[in-house]
Amino acid sequence: MREVRDAGRTVSVKLRVVRIELRHLKLPLRFRFETSFGAMTEKSFLLARAFTADGASGVGECVAEVDPYYLPETNGTVAHVIKEFLAPRVFAHAFESPAETDALFAEIRGHEMAKATLEMAIWDLFANARGESLATTLGGEAKDTIPAGVSIGLQASTEALLERVRIEVAAGYQRVKIKIKPGKDLDLVRAIRKEFPKIRLMVDANSAYTLKDADTLGAFDEFDLMMIEQPLAWNDMVEHGKLQPMLKTPICLDESITSDAAARSAISIGACRIINIKTGRVGGLLNSKRVQATCAERGIPVWCGGMLESGIGRLANVHLQTLPGFTLPGDTSASARYFEEDLIEPGVVVDSNGLIKVPKGPGLGHEIVWSRVDRATVHQEVWTT
């Protein structure tokens, strides 16, 4: 909805999307990133752009991957759902608020990443149309900076991991997360704690363990970790509810939290003490706000996870973290850590105190360099009303 002046009055104008572009992009990573799912050397992702008739636009980055290893969605399923089910609904609707996408998409079950991709583009479109930052449109606090953490993938050796930790600590990151899996876990943490006894440290298992590994997971208690992220199956909150009372270390749920309802369920059965919010995983920015509010009501800390986003998705995460409930450093690292050339200018920068500036310009607040987007695009589809 645009606000215009007419004879001294402010008149609201409904916003209509008349064109949607969906691009498939590939960006090489600066280094191999390995988790319990496997290793990545490039980021393959979708980018949606929504336009109004007068040329205003907004962008949304999809966090789905090529394979259904993190969650069931893939680039292919997202493209199908947007084309066949989401885009037609957007074209048929006159928006007064970006929050209306929630009801618009409600009858489509699941496909959170597809919904989030187009929903984020519409939020950015509204922010641009209003001439305000995405943080303002979201209702965030007037923060100048947000704290940054870093995620380190599995390395070839313990010494290689220690060297990466040294680099990231020297760069100022306020929290270090390492990926673990059976056989690559306790010894890694022990080595880090020997050299860095005081850093804020956490581990991320990406569902690599079962309840039979409770003794191993309990052994992390001696290392004063902030949390163990998603140790058990991605869709099994009940088992996490059994595991958490066995541990002093808080469990943080990631893959299990696909909605506000899932967050409420997890908290009610004691399956976690911390929640990671990823906009793509919960179906969009509005649902991210809902999960954050639910956690704040129940005293559960939250933080913003990352999916190796380009600067476009990375900036959206920065704006999201201006909401009051984000009390822990997220995974929003600097652009240059992952990409030789990002899609935005300037890139996301982490200062020596581990802080990222919140952009104040319209929408995402940094320029998208469309010539770079074009070079990274391997396929594009366009739909119009």
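First, a word on what this report is: a plain description of the structure on this page.

Each value, and the rule that gives it
- Residues numbered from 1 in each chain as written.
- Predicted model: local features only at pLDDT ≥ 70, side-chain atom pairs only at ≥ 80, totals over all residues.
- Heavy atoms only, no water.
- Bend = angle between axes of the 7 residues up to and from the residue.
- Helix = DSSP H or I, 4+ residues; strand = E, 2+ residues; numbered from the N terminus.
- Buried < 20%, exposed > 50% of the residue type's maximum accessible area, 1.4 Å probe, protein only.
- Pairing = 2+ DSSP bridges.
- Right-handed = clockwise from strand over helix to strand, strands pointing away.
- Salt bridge = Lys/Arg side-chain N within 4 Å of Asp/Glu carboxyl O.
- Arc of directions from axis to C-beta.
- Contact = heavy atoms within 4.5 Å.
- Polar contact = N/O pair within 3.5 Å; in protein donor to acceptor, adjacent residues only side chain to side chain.
- Phe/Tyr/Trp six-rings, centres within 6.5 Å; stacked < 30°, edge-to-face > 60°.

**Some remarks on helix α1 (residues 75-91)**
Its axis deflected by about 45° at I82, α1 carries its strongest bend there. Every buried residue of α1 is listed here: N75, V78, A79, V81, I82, L86, A87, V90 and F91.

**Observations regarding the pairing of strand β10 (residues 176-179)**
A two-sided burial pattern is seen for β10, the buried positions comprising V176 and I178 on one face and K177 and K179 on the other. Inspection of the sheet shows strand β9 (residues 150-152) paired to β10 by 3 bridges, in the parallel sense. Each residue of the ladder has a partner; that of S151, found in β10, is K177. For the crossover from β9 across helix α5 (residues 158-170) to β10, the handedness is right-handed. Two strands pair when backbone bridges link them, and β10 and strand β11 (residues 201-204) are joined in this way by 4 bridges, in the parallel orientation. By the bridge assignment for β11, V176 is matched with L201. Handedness of the crossover joining β10 and β11 through helix α6 (residues 186-195) is recorded here as right-handed.

**Observations concerning the sheet that holds strand β15 (residues 302-304)**
Strand pairing in a sheet is mediated by backbone hydrogen bonds. Such pairs are either parallel or antiparallel. Pairing within the open sheet is parallel, and its 7 strands lie in the order β9-β10-β11-β12-β13-β14-β15. The open sheet has two free edges, formed respectively by β9 and β15, since each of these has just one partner strand. Across 3 bridges, strand β14 (residues 274-277) lies against β15 in parallel orientation. Considered in β15, the bridge of I277 is made with C304.

**Considerations on the pattern of salt bridges**
Scanning the entire structure with this criterion turns up 30 salt bridges. The salt bridge involving E381 is made with K83; its shortest N-O contact spans 3.7 Å. One end of the pair, E381, is in strand β19 (residues 377-384); the other, K83, is in helix α1, with 298 residues separating them in the sequence. Overall, E381 belongs to the partly exposed group, its relative accessible area being 23%. Notably, a salt bridge pairs K179 with D204, separated by 2.6 Å at the nearest N-O pair. Linking K179 in strand β10 with D204 in strand β11, this pair joins segments that are 25 residues apart in sequence. Salt bridges sharing common partners tie together R175, K177, K179, D204, E229 and D331.

**Considerations on helix α9 (residues 260-268)**
For α9, the set of buried residues is D260, A262, A263, A266 and I267. Axial view of α9: buried residues confined to an arc of 155°, hence all on one face. As for α9, its buried residues are in contact with α8 (237-243), β13 (251-253), β14 and α11 (285-297). Its side-chain oxygen at 3.4 Å from the backbone nitrogen of A261, S259 defines the N-terminal cap of α9.

**Some thoughts on the packing of aromatic side chains**
Evaluated as defined, the whole model comprises 2 aromatic pairs. Considering the side-chain rings of F31 and Y338, the 6.1 Å spacing of their centres and the 35° angle between planes classify their relative orientation as tilted. Linking F31 in strand β4 (residues 19-35) with Y338 in helix α13 (residues 335-338), this pair joins segments that are 307 residues apart in sequence. When its relative accessible area of 4% is taken as the criterion, Y338 is described as buried. Pairing Y338 with F339 gives two aromatic rings, centres 6.4 Å apart and planes at 55°, and the pair type is tilted.

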